[in-house]
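# Structure at a glance
Take a look at the letters that make up each chain.
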Amino acid sequence: MYTLNFTEIIEFKKVIKEKYGETIHIHDTCPNQYFSLEKANDKIKIFIEEYFKNKNRQVIFDDNGITFSIK
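Structural notes, computed from the coordinates. (Residues numbered from 1 in each chain as written. Predicted model: local features only at pLDDT ≥ 70, side-chain atom pairs only at ≥ 80, totals over all residues. Heavy atoms only, no water.)

### Quick notes on the side chain of serine 36
- Here serine 36 is to be found in strand E2 (residues 33–36).
- Polar contacts involving the side chain of serine 36 include one to the side chain of histidine 27, which spans 2.8 Å.
- If we skip the residues at most four places from it in the chain, serine 36 touches Thr23, Ile24, His25, His27, Ile66, Thr67 and Phe68. (Helix = DSSP H or I, 4+ residues; strand = E, 2+ residues; numbered from the N terminus. Polar contact = N/O pair within 3.5 Å; in protein donor to acceptor, adjacent residues only side chain to side chain. Contact = heavy atoms within 4.5 Å.)

Right, here's the structure in full:
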């Protein structure tokens, strides 16, 4: 899995907040970092997948559509 640095996290959280008014939560636990949304949202999910695809990264969402990690 890929670990975002603080600058990347701040930028990512800011983009989501400005575009959707939603908060992304970061969970930095061993061995991997992961993120979560407040609730499942297909529009945000698609945006997140494209956002990281443009950075040559893959997003892996859990079945609940709320938690995800970056590969």
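### Some remarks on helix H1 (residues 6–20)
- Look at H1: 21 Å from first C-alpha to last across 15 residues, which is about the 21 Å you get at 1.5 Å a residue.
- Regarding H1, the residues found buried are Ile9, Phe12 and Ile16. The buried residues of H1 occupy an angular sector of 70° when projected down its axis, which confines them to one face. Exposed residues lying more than 90 degrees from the buried face of H1 are Phe6, Thr7, Ile10, Lys14 and Glu18.
- Sitting at the amino-terminal end of H1 is asparagine 5, which places a side-chain oxygen 3.0 Å from the backbone nitrogen of threonine 7.
- Among the residues trailing H1, glycine 21 stands out with phi positive, at a value near 70°. (Expected span 1.5 Å × (residues − 1). Buried < 20%, exposed > 50% of the residue type's maximum accessible area, 1.4 Å probe, protein only. Arc of directions from axis to C-beta.)

### Structural notes on the sheet that holds strand E3 (residues 59–61)
- Spatially, four strands are ordered E1-E2-E4-E3 in an open sheet, and the strand pairing comes out antiparallel. Each of the sheet's edge strands pairs with one partner strand only, and the pair in question is strand E1 (25–28) and E3. Going from strand to strand, the sheet's axes swing by 30° on average, the running direction of each strand aside.
- Both E3 and strand E4 (residues 67–70) contribute to a ladder of three bridges, which runs antiparallel. Across the sheet, valine 59 pairs through a bridge with isoleucine 70, a residue of E4.
- Relative to the sheet, helix H2 (residues 42–53) contacts E3 and E4, its axis offset from that of E3 by approximately 155°. (Pairing = 2+ DSSP bridges. Axes fitted to C-alpha atoms, helices over the stretch in contact; angles between N-to-C directions.)

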